[in-house]
Amino acid sequence: MTRKEMKQSLKNAVLTATPDVLGEILAVQNDYAVVEFKKESKPKSHISFRMASCAIAAAFMLIIGIFYMVQPTVDSIVSIDVNPGIELSVDPQDTVVKYRALNEDAVKVLDGMNLQGTELGVATDEIIDSMVQKGYLSPESPENTILISVANDDAQKAQRLQNKLTTSVDNTLKRNNAKATILQQNESLTDDVKSLAKENNISVGKADFVKKLAATDESLNAQDLAAMSIKELTSLVDIHQIELSGVVTTEPSSEDPVDNDFVSDGDDNIVKDPPPSEPEPDNSSSNPSPDKKPDKKPSGDNDDTVKDSGIPPVTPPESSEPAEEEPSENSSSAVTSDPTGAPPIGDPDQNVLIEEGDIGPYCEYCGNLLSICEGKCDQSEGKQFCQNCGQLLSVCNGACTEAVEPVQPSSAAEGNLGKNPGSIEGAVMQKGT
Amino acid sequence: MLVPGNRDNRKKEQLTDTLMREVANGDRTAFEELYRMTQNSVYCYLLSIVKSHSTAEDLMQDTYLSVRKSIQHYIPQGKPLAWIFTIAKNLAYMELRRVQKQETSDFSDEENQIGVDVISSTVDNLVLRKALEVLNEQERKIVLLHVTQGFKFREVSSLLTIPLGTVLSCYNRAIKKLHKAVNESSG
């Protein structure tokens, strides 16, 4: 046998002897593969599915959390209405997070402004400045009226914001030599108010004001009122003699009440004063008609200073003369006081000035002259006033009939006026005409 | 390069790593292909170690089971057959150790069964039996892989991690020894 034959025989022998165990291997492998798949693959996929679900859920919650954290929180809604209506959404830090113009005039006022992120006081300053510059609040006009409404669930915070806004507006008006009556209100954002605001494209503050006005007088339609400017609304209030005491708080912007274009009478009606003119420093006296508000009574701190009443008037010191006095040319229609400059009768909240020439007994309930009161006061609060001198009985104590000198009125009156020289409540509020 | 050296194996050896990946992915067809490509070499290698057809057959089965089981740990280096041979060698040595511990009969008794049970040709049976008898383990590996599977000496050297010169000299010496033994037996 050659080597070649030997090699071929060896090759043939091995190839022939090679067993085929594939079937057995596959039979075993099939089971093995199934077991392996169950042991390894399933748990892995299960765990990965759980992990993926958790990861997706966590990411989703994270995104939502970040979204809400980034979103600014609106704490209060402040509306400023003149004719331009502007609504400011304010966060708890009194920063404007959103603002919108509610009519074309407001668009003009806000033209070029970016109030987002500014402090509320600064934003208000800019808005009022812009209104003055663009003629919506005219320094010459005596009828400027601004409605400031604050909507906040927290009454204390709403009041704080109102005070802040009023101060800001007041300062801005002074800086621009403008005057305006500021109507304040804390609105309640009911669905009716919101829908009215949305339908008429007005601020929620104005909508609330309109709704309250319509509620006071059945002849008024809220839809019609919504179309009016604040100035027109106040004129309407004047015409209809609507009591605003339960509607808004009125505050003049100027520190000088005589200079105010609008003052409210004792009934909180918005009334219009004649345009201001040069005040007379000393001897002139303001002569608005006596207030007819029945529930307001002169304070016992003030003296009766009515001339020719048969009761000796209080003679206040010269310094007690009110700083603000009606112009002389309006004296006939203005509230008068004692020629000596005695302060008018009235409590700090509701001083009553008696027209010159009015004499006679006083209403024992409201302290006004009976010719003025005519028994129409509501005789509320149980306070009684001396019918002779008009002071509180506790103050007068019958002294007016016994003594010639009245009971130390000047200092009280002075103090009273000194407390509120520029306040509307510091003087009798009555129409100037 | 590690696959049997016939002409078709040139193409197949390029697919080996790909095949291993497919087998690792659980592809049954790929495993069957891998088995067909390597069964002769694996059997030859096992037979050269254990010198017993039946034991080689059992070890061959265990080898492929281990391959299938451990295929996830295979690192593609272009030497899949060397990896399979390593598995086969470890299994075979384990079996040898087990047999030695049990002091069972020598494989030489079973060597005769190769020709009787499996190989029909008497000459072929004789040659194979003489090869298993007269050659030592290293010579058997080299001769069988080169002669029966067509591996080049360089490939045998790489597979068995034996220097090429050793492979050549060992092969020549083994062939002479085998030729002499076969001629003496055939008389």
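All chains use their own residue numbering, which begins from 1 and follows the written sequence. The lettering of chains begins at A and the numbering of ligands begins at 1, in the order of writing. In view of the model being predicted, local features appear only for residues whose pLDDT reaches at least 70, and side-chain atom pairs are presented and counted only at 80 or more, with totals across whole chains, interfaces and linings using the full set of residues.

Novice: Describe the overall build of chain A, naming the residues involved and giving the relevant values.
Specialist: Only DSSP runs of H or I covering at least 4 residues are called helices, and only runs of E covering at least 2 are called strands; the numbering of each starts at the N terminus. Regarding its fold elements, chain A presents 13 helices and ten strands. Burial is judged by counting other C-beta atoms within 10 Å of a residue's own C-beta: 20 or more means buried, 12 or fewer means exposed, and anything between counts as partly exposed, with every C-beta placed from the backbone. Looking at the 433 residues of chain A, the share that counts as buried comes to 45%. By the convention adopted here, residues are in contact when the distance between their C-beta atoms, placed from the backbone, does not exceed 7 Å. At a minimum sequence separation of 6, the contacts of chain A that also span at least 24 residues come to 66%.

Novice: Just give me the short version of the nonpolar core, but keep the residues and values in it.
Specialist: Working definition: the nonpolar core is a set of buried Ala, Val, Leu, Ile, Met, Phe, Trp, Tyr and Cys residues, joined through C-beta atoms within 7 Å. Counting 55 residues, the largest nonpolar core has L46, A88 and V143 of chain B as the members making the most contacts within it. If one sorts the elements of this core by residue count, helix α2 (residues 28-50) of chain B sits on top with twelve residues. One finds I80, V96, L233 and I242 of chain A within the second-largest nonpolar core, a separate group that totals 49 residues.

Novice: Report on the interface of chain A and chain B, specifying residues and quantitative values.
Specialist: Contact residues are listed per partner, giving 23 residues for chain A and 34 residues for chain B. Mapped by element, the contributors of at least two residues to the side of chain A that touches chain B are α1 (3-17) and α2 (22-70) of chain A. Counting residues per element, the side of chain A that touches chain B draws most heavily on α1 of chain A, which supplies twelve residues.

Novice: Outline unusual backbone geometry, listing residues and values.
Specialist: Residues and elements named next belong to chain B. The phi dihedral of K51 falls on the positive side, at around 60°, and the residue is not glycine. One non-glycine residue, T161, lies in the positive phi region at around 50°. Relative to the helices and strands, T161 is located in the loop between α8 (153-160) and α9 (164-186).

Novice: Break down the environment of V193 of chain A for me, citing the residues and quoting the values.
Specialist: Among the secondary structure elements, V193 of chain A is positioned in helix α6 (residues 191-200). Along the sequence, V193 of chain A and V204 of chain A sit eleven residues apart, while their C-alpha atoms lie 6.3 Å from each other.

Novice: Can you tell me about the packing of α8 of chain B against α9 of chain B, naming the residues and giving the values?
Specialist: All names here are of chain B. Here the axes come from fitting lines to C-alpha atoms, over the contacting stretch only for helices, and the angles between their N-to-C directions go from 0 to 180 degrees. In contact at an axis separation of 9 Å, α8 and α9 are set at 115° when each is read in the N-to-C sense. As summarised for this structure, α8 and α9 are arranged roughly perpendicular, according to the angle between their axes. Note on packing geometry: the crossing formed by α8 with α9 is right-handed. On the side of α8, the interface is formed by F153, R154, V156 and S157, while α9 contributes L164, V167, L168 and Y171. Grouping the amino acids of the contact of α8 with α9 by side-chain chemistry returns six nonpolar, one polar and one charged. By definition in this entry, angles of less than 35 degrees are roughly parallel, angles greater than 145 are roughly antiparallel, angles of 65 to 115 are roughly perpendicular, and the rest are oblique. By the definition used in this description, the sense in which the near helix is turned from the far one sets the handedness, with an anticlockwise turn below a right angle giving left-handed and a clockwise turn giving right-handed. Residues are grouped as follows: nonpolar covers Ala, Val, Leu, Ile, Met, Phe, Trp, Tyr, Cys and Pro; charged covers Asp, Glu, Lys and Arg; every other residue, Gly included, is treated as polar.

Novice: Can you explain α9 of chain B? Please cite residues and give values.
Specialist: A helix is expected to span 1.5 Å for every residue after the first. Relative to the 33 Å expected for 23 residues at 1.5 Å per residue, α9 of chain B spans 32 Å between its end C-alpha atoms, a close match to the ideal helical length. Along α9 of chain B, the residues that are buried comprise V167, C170, A174, I175, L178 and V182 of chain B. Contacts from the buried residues of α9 of chain B go to α1 of chain A together with α6 (122-134), α7 (137-149) and α8 of chain B.

Novice: Explain the pairing of strand β1 (residues 76-81) of chain A to me, and be specific about the residues and the numbers.
Specialist: Residue and element names in this part refer to chain A. The buried fraction of β1 is high, at five of six residues. Strands are labelled as partners when DSSP assigns at least two bridges between them. Alignment of β1 against strand β2 (residues 85-90), held across six bridges, turns out to be antiparallel. When the sheet's bridge partners are listed, S76 is paired in β2 with V90. The hairpin formed by β1 and β2 contains three residues between the paired strands.

Novice: Explain the confidence of the model for chain A residue by residue, including any values.
Specialist: pLDDT runs from 0 to 100 and stands for how confident the predictor is about each residue. Averaged over every residue, the pLDDT of chain A is 66; residues scoring 70 or more account for 59%. Predicted confidence for residues 33-43 of chain A stays below pLDDT 50, and this span has one contact to residues more than four positions away or in other chains.

Novice: Go over the packing of α6 of chain B against α9 of chain B, please, and point to the residues and values.
Specialist: When two helices pack together, you describe them by how their axes are tilted relative to each other and by the distance separating the axes. All names here are of chain B. It is the contact of α6 with α9, at a shortest axis distance of 9 Å, that shows an interaxial angle of 125°. Comparing their axes, α9 and α6 come out oblique. Crossing angle aside, the handedness with which α6 passes α9 is right-handed. Seen from α6, the contacting residues are L126, V127, K130, A131 and V134; seen from α9, they are K177, L178, A181, V182, S185 and S186.

Novice: Go over α8 of chain B with me, naming the residues and quoting the values.
Specialist: All names here are of chain B. Among all positions in α8, only E155, V156, L159 and L160 are buried. The buried residues of α8 all sit within an arc of 115° when viewed along its axis, so they share a single face. Looking at the buried side of α8, the elements it contacts are α4 (80-102), α7 and α9. Phi turns positive one or two residues past the end of α8, at T161, with a value near 50°. What the arc describes is the spread of directions from the helix axis to the C-beta atoms.

Novice: Run through the environment of K130 of chain B, naming residues and quoting values.
Specialist: Residue and element names in this part refer to chain B. Mapped onto the elements of the fold, K130 is located in helix α6. Overall, the presence of 24 C-beta atoms within 10 Å leaves K130 in the buried class. Expressed as a C-alpha distance, the spacing of K130 and K180, which sit 50 residues apart in the sequence, is 9.8 Å.

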